[in-house]
Amino acid sequence: MNAWLDVLSLAVVAVAWGVYVVRLRRVLTDNPLRTVPGVSRLARAHWADFILADASRAILAVQTLRNAIMASTFLASTAILLAIGTLNLLEQAQEPQAIWHLFNFVGSRSHTVWLTKLLLLIANFVVAFFCFALSIRLFLHAGYHVVPEPNQAAAQRERLTQWLHAAGRYFTLGMRAYYLSVVLIFALFGPILTLLSTAIVLWIVTRLDRDP
């Protein structure tokens, strides 16, 4: 019976995050300037116009893209290191130490349940890694479109904007995976902390996504 409480708590996490994503997309459709992702999308489009308006601004573009690539590289490297580090906990999967169940008052103490949570956490870090890696790839592609091309201003602007939007979207997904990892870490301690951390993280993410 206790295993079902763990399953139920993880199902609540999935539903809560799904509802949040649906609501955010609705706001982005109706009033994008109320959210940081919407404002950032508009800023990327203006940035593309600004860069392509003058060839001398290519150096500024390269510096900006370099900063974005460095941030994505750091986060991608961190994600894969966290995934590898979490793999070391698999050695405890057959017999988790008592500290993992210190706050597990109602959840299952089965090593199978604990192993499942651990695998979800590893998968989450792997997803974060790929999101940031794809972000790096797209920022690199965007770097080849920052020099204005004669007679192709509209098409070049469209290509550059699409690369930037896609890169920004993957970067945001990677950050979402990082936020979710907090919940999955607390899930290792039991369903009570799973639900509590979900509420706190979603409250924080909501405030972060709301344009000040």
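Residues numbered from 1 in each chain as written. Predicted model: local features only at pLDDT ≥ 70, side-chain atom pairs only at ≥ 80, totals over all residues. Heavy atoms only, no water.

**Comments concerning the overall build of the chain**
Link 1 in the chain: In terms of regular secondary structure, the chain is built from six helices and zero strands.
Link 2 in the chain: Taken over 212 residues, the chain has a buried fraction of 37%.
Link 3 in the chain: Pairs at least 24 residues apart make up 76% of the contacts formed inside the chain by residues separated by at least 6 positions. (Helix = DSSP H or I, 4+ residues; strand = E, 2+ residues; numbered from the N terminus. Buried < 20%, exposed > 50% of the residue type's maximum accessible area, 1.4 Å probe, protein only. Contact = heavy atoms within 4.5 Å.)

**Quick word on the packing of aromatic side chains**
Link 1 in the chain: In this structure the tally under the stated criterion is three aromatic pairs.
Link 2 in the chain: Relative to phenylalanine 130, the ring of phenylalanine 129 lies with its centre 5.4 Å away and its plane at 70°, an arrangement referred to as edge-to-face.
Link 3 in the chain: With relative accessibility at 25%, the residue phenylalanine 129 sits in the partly exposed group.
Link 4 in the chain: Following the ring pairs from residue to residue traces out a cluster consisting of Phe132, Phe171 and Tyr178.
Link 5 in the chain: When the ring centre of phenylalanine 50 is taken as origin, the NZ or CZ atom of arginine 57, which lies over that ring, is 3.9 Å away. (Phe/Tyr/Trp six-rings, centres within 6.5 Å; stacked < 30°, edge-to-face > 60°. Lys NZ or Arg CZ within 6 Å of the ring centre and 35° of its normal.)

**Some details on the nonpolar core**
Link 1 in the chain: One finds Trp47, Leu65, Phe139, Val146, Leu160 and Leu164 to be the most contacted residues of the largest nonpolar core, which totals 17 residues.
Link 2 in the chain: Setting aside residues up to four positions removed in sequence, leucine 65 forms contacts with Trp47, Phe139, Ala142, Gly143, Val146 and Leu164. (Core = buried A, V, L, I, M, F, W, Y, C linked by side-chain atoms within 4.5 Å.)

**Details of the confidence of the model for the chain**
Link 1 in the chain: Taken over all residues, the pLDDT of the chain has a mean of 87, while the share at 70 or more is 89%.
Link 2 in the chain: Taken element by element, the predicted model of the chain shows its lowest mean pLDDT in helix H1 (residues 2–30) (88) and its highest in helix H3 (residues 58–87) (93). (pLDDT = per-residue confidence, 0-100.)

**A look at the pattern of salt bridges**
Link 1 in the chain: Overall, the coordinates contain three salt bridges when judged by the stated rule.
Link 2 in the chain: Its salt-bridge partner being aspartate 6, residue lysine 117 comes within 2.5 Å of it at the nearest N-O pair. Taken together, the residues lysine 117 in helix H4 (residues 111–143) and aspartate 6 in helix H1 connect sequence positions 111 residues apart.
Link 3 in the chain: On the accessibility criterion, lysine 117 (5% relative accessible area) is buried.
Link 4 in the chain: Given the relative accessible area of 2%, aspartate 6 is considered buried.
Link 5 in the chain: Here aspartate 209 ties to arginine 176 by a salt bridge, and the two come within 2.7 Å at their closest N and O atoms. Here aspartate 209, found in helix H6 (residues 191–209), pairs with arginine 176, found in helix H5 (residues 153–187); they are 33 residues apart in sequence, far enough to count as distant. Assigned by exposure class, aspartate 209 and arginine 176 land together as buried. (Salt bridge = Lys/Arg side-chain N within 4 Å of Asp/Glu carboxyl O.)

**Some remarks on a nonpolar patch on the surface**
Link 1 in the chain: Among the surface-exposed residues, Ile80, Leu81, Ile84, Leu87, Leu90 and Leu119 lie close enough to one another that they form a single nonpolar patch of about 510 Å² accessible area.
Link 2 in the chain: Element by element, the count of residues in the nonpolar patch is highest for H3, at four residues.
Link 3 in the chain: Along the chain, the position of leucine 119 falls in helix H4.
Link 4 in the chain: For leucine 119, a relative accessible area of 45% gives the class partly exposed. (Patch = residues over 30% accessible without salt bridge, like charges linked within 9 Å, V, L, I, M, F, W, Y side chains within 5 Å. Areas by Shrake-Rupley, 256 points an atom, 1.4 Å probe, with all protein chains shown as cover.)

**Observations regarding the environment of glycine 143**
Link 1 in the chain: Considering the arrangement of structural elements, one finds glycine 143 in helix H4.
Link 2 in the chain: Taking C-alpha positions, glycine 143 is 9.7 Å from leucine 164, a pair spaced 21 residues apart along the chain.

**Quick notes on the side chain of serine 72**
Link 1 in the chain: Considering the arrangement of structural elements, one finds serine 72 in helix H3.
Link 2 in the chain: Judged by its relative accessible area of 0%, serine 72 falls in the buried class.
Link 3 in the chain: A distance of 3.3 Å separates the side chain of serine 72 from the side chain of serine 135, its partner in a polar contact.
Link 4 in the chain: If sequence neighbours within four positions are ignored, serine 72 has contacts with Phe132, Ser135, Ile136, Phe139 and Phe171. (Polar contact = N/O pair within 3.5 Å; in protein donor to acceptor, adjacent residues only side chain to side chain.)

**Points about the layout of surface pockets**
Link 1 in the chain: The calculated volume of the largest pocket comes to roughly 950 Å³.
Link 2 in the chain: Elements with a contribution of two residues or more to the lining of the largest pocket: H1, helix H2 (36–52), H4, H5 and H6.
Link 3 in the chain: Here the lining of the largest pocket is composed, by residue class, of 19 nonpolar, six polar and six charged.
Link 4 in the chain: Put simply, the second largest pocket is a space of about 300 Å³.
Link 5 in the chain: Only H1 and H6 provide two or more residues apiece to the lining of the second largest pocket.
Link 6 in the chain: Per-element tally for the lining of the second largest pocket: the top contributor is H1, with six residues. (1 Å grid on protein atoms, 1.4 Å probe; cavity = no way out; pocket = protein on both sides within 12 Å on 5 of 7 lines; lining within 4 Å. Points joined across faces, edges and corners; volume = space filled by probe spheres on them. Nonpolar A, V, L, I, M, F, W, Y, C, P; charged D, E, K, R; others polar.)

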